[in-house]
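Structure assessment
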Amino acid sequence: MRTTLSGTGKTVTIGPGLPTVIIGERINPTGKKRLAAALAAGDLDLICEMAKAQVAAGADVLDINVGIAGGDEVTLLPRAVQAVAEVADVPLCLDTANPRALEAALRVVPGRPLVNSVNGEEKSLSAVLPLVKEFGAAVIGLTMDERGIPKDAATRLEFAARIVERAEALGISRNDVMIDCLVLPVGAEPQSGCVALETVRLVRERLGVNVNLGVSNVSFGLPDRPVINQAFVTAAIVAGMTCVIADPAGLCAAVRAADLLLGRDEFAERYIAHYRATRK
Ligand code: THG
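To start, this report covers the structure provided alongside it.

What counts, and at which threshold
- Along each chain, numbering runs from 1 in the same order as the chain's sequence is written.
- Per-residue local features are limited, in this predicted model, to residues with pLDDT of at least 70; the limit for side-chain atom pairs, both in listing and counting, is 80 or more; totals at the level of whole chains, interfaces and linings are taken over all residues.
- To get the side-chain values, take all heavy atoms of the structure and skip hydrogens and water.
- A pair of strands counts as paired when DSSP detects no fewer than two bridges linking them.
- Numbering of helices and strands runs from the N terminus, with a helix taken as a DSSP run of H or I at least four residues long and a strand as a DSSP run of E at least two residues long.
- The convention used is that axes are lines fitted to C-alpha atoms, helices contributing only their stretch in contact, and that angles between N-to-C directions extend from 0 to 180 degrees.
- Throughout, a residue-residue contact means that at least one pair of heavy atoms, one from each residue, lies within 4.5 Å.
- The patch calculation keeps residues exceeding 30% relative accessible area without a salt bridge and links them within 9 Å when they carry like charges or within 5 Å when they are nonpolar (Val, Leu, Ile, Met, Phe, Trp, Tyr).
- All accessibility values rest on the Shrake-Rupley procedure with a 1.4 Å probe; residue burial counts only the protein chains present in the view.
- The term salt bridge refers to a side-chain nitrogen of Lys or Arg lying within 4 Å of a carboxyl oxygen of Asp or Glu.
- Using a 1.4 Å probe on the protein chains alone, a residue whose accessible area is under 20% of its type maximum counts as buried, one over 50% counts as exposed, and one in between counts as partly exposed.
- To sort the angles, those under 35 degrees are grouped as roughly parallel, those over 145 as roughly antiparallel, those from 65 to 115 as roughly perpendicular, and the leftovers as oblique.
- Each helix crossing is assigned a hand: it is left-handed if the near helix lies turned anticlockwise from the far helix by less than a right angle, otherwise right-handed if that turn is clockwise.
- By the convention adopted, Pro, Cys, Tyr, Trp, Phe, Met, Ile, Leu, Val and Ala count as nonpolar, Lys, Arg, Asp and Glu as charged, and the other residues, Gly among them, as polar.
- To estimate how far a helix should reach, multiply one less than its number of residues by 1.5 Å.
- To obtain the arc, one takes the directions from the helix axis to the C-beta atoms.

A closer look at the sheet that holds strand β3 (residues 21-24)
Pairing between the strands of a sheet comes from backbone hydrogen bonds, and it takes one of two forms, parallel or antiparallel. The strand order around the closed barrel built from 8 strands is β3-β4-β5-β6-β7-β8-β9-β10, with neighbouring strands paired in parallel fashion. Direction aside, the axes of adjacent strands within the sheet are offset by 30° on average. Across 3 bridges, the pairing between strand β8 (residues 177-180) and strand β9 (residues 210-214) is parallel. Each bridged residue has a counterpart across the sheet, and for I179 the counterpart in β9 is V211. Of the strands in this sheet, β3 and β10 (243-246) are in contact with helix α9 (residues 248-261), which crosses β3 at around 180°.

Concerning a nonpolar patch on the surface
A contiguous nonpolar patch, built from V238, L260, L261, L262, Y271 and I272 and spanning about 540 Å² of accessible area, is present on the exposed surface. Mapped onto the elements of the fold, L261 is located in helix α9. Given a relative accessible area of 72%, L261 falls into the exposed group.

A few points about the packing of helix α3 (residues 73-87) against helix α4 (residues 99-108)
Interaxial distance between α3 and α4 falls to 8 Å at its minimum, and their mutual angle equals 30°. The orientation of α3 with respect to α4, classified from their angle, is roughly parallel. Judged by the twist between their axes, the crossing of α3 over α4 is right-handed. Contact residues: E73, V74, L77, P78, V81 and Q82 in α3; R100, A101, L102, A104, A105 and V108 in α4. For the contact of α3 with α4, the residue count by class is 9 nonpolar, 1 polar and 2 charged.

Focus on the environment of L94
Counting through the fold element by element, L94 comes out in strand β5 (residues 92-95). Sequence spacing of L94 and L77 is 17 residues, and the spatial spacing of their C-alpha atoms is 8.2 Å. Sequence-distant contacts of L94, that is, excluding residues within four places in its chain, are made with I64, V81, L102, A105, L106, V109, P113, L114, V115 and N116.

Describing helix α8 (residues 225-239)
The first and last C-alpha atoms of α8 sit 21 Å apart over 15 residues, in line with the 21 Å expected at 1.5 Å per residue. Listed in full, the buried residues belonging to α8 are N229, F232, V233, A236, I237 and A239. In a view along the axis of α8, the buried residues occupy a sector of 150°, so they form one face of it. Projecting away from the buried face of α8 at angles above 90 degrees are the exposed residues A231 and V238. Contact partners of the buried residues in α8: α7 (192-207), β9, β10 and α9.

Written as structure tokens, this is what we have:
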């Protein structure tokens, strides 16, 4: 179970026993007025600054989402990908629901990217997986379909199994499929943390694939979100999560500490390097 991604300079491997890979989530205009306005004006300076800041804060991979109301992602996503690749040498994660924008970005992205994402809906499977195959990328599969996110771990496992099966039928190795077990805000849905953790355990054990979560969603609407995210990321790593989508600024130290405690960071090398690189 090894997923290997590359950027212009760095190669990153995701897998059990390896340090947890952090995908920086900040290049995403959702809830960010200034970023949405910059993107609408075709200004890519802000996302380049966000890219550099996230790598400095510990991001191993950078997610790029440029979806704005009325925006043309087919033009904007490849431009954003090229701009970020000029200032950051890490692998990129192409975050779009638009298959034409995905294809345009796959044509220009350097190295081996991660596609974010495919889901269990037939329309998504048949549009996204052939592109993943054609461009030799890796892909995140969401445990949901057009009816939404199942409330229980067993049904989420069924969605995950279907995505892995469809990928393999097209010749995509299960090493290149990572399953996002999806976590809902615990403030609104009290069992959502437990269900996500149970899904992580089941998917790892039954399907033998890498597993990720967008952890910041768990704390949505609650005060002091970083402390909730830090507690949850530790629990998720123990449950078998091998990759996390998050803001590295608030989370990287907790990830490094968890990796250290779980024997994935010999002589505390990465923990100490992160401390030195980020202390004031
Ligand atoms: N799984 C996968 N991809 C994902 C997610 C996931 N992509 C999107 C999202 N979830 C992860 N990215 C974000 C981006 C922004 C925020 C949260 C998750 C966010 N935005 C604040 C808001 O909406 O209020 C604004 C914060 C700010 O200004 O800094 O919290 O789960 N595969």
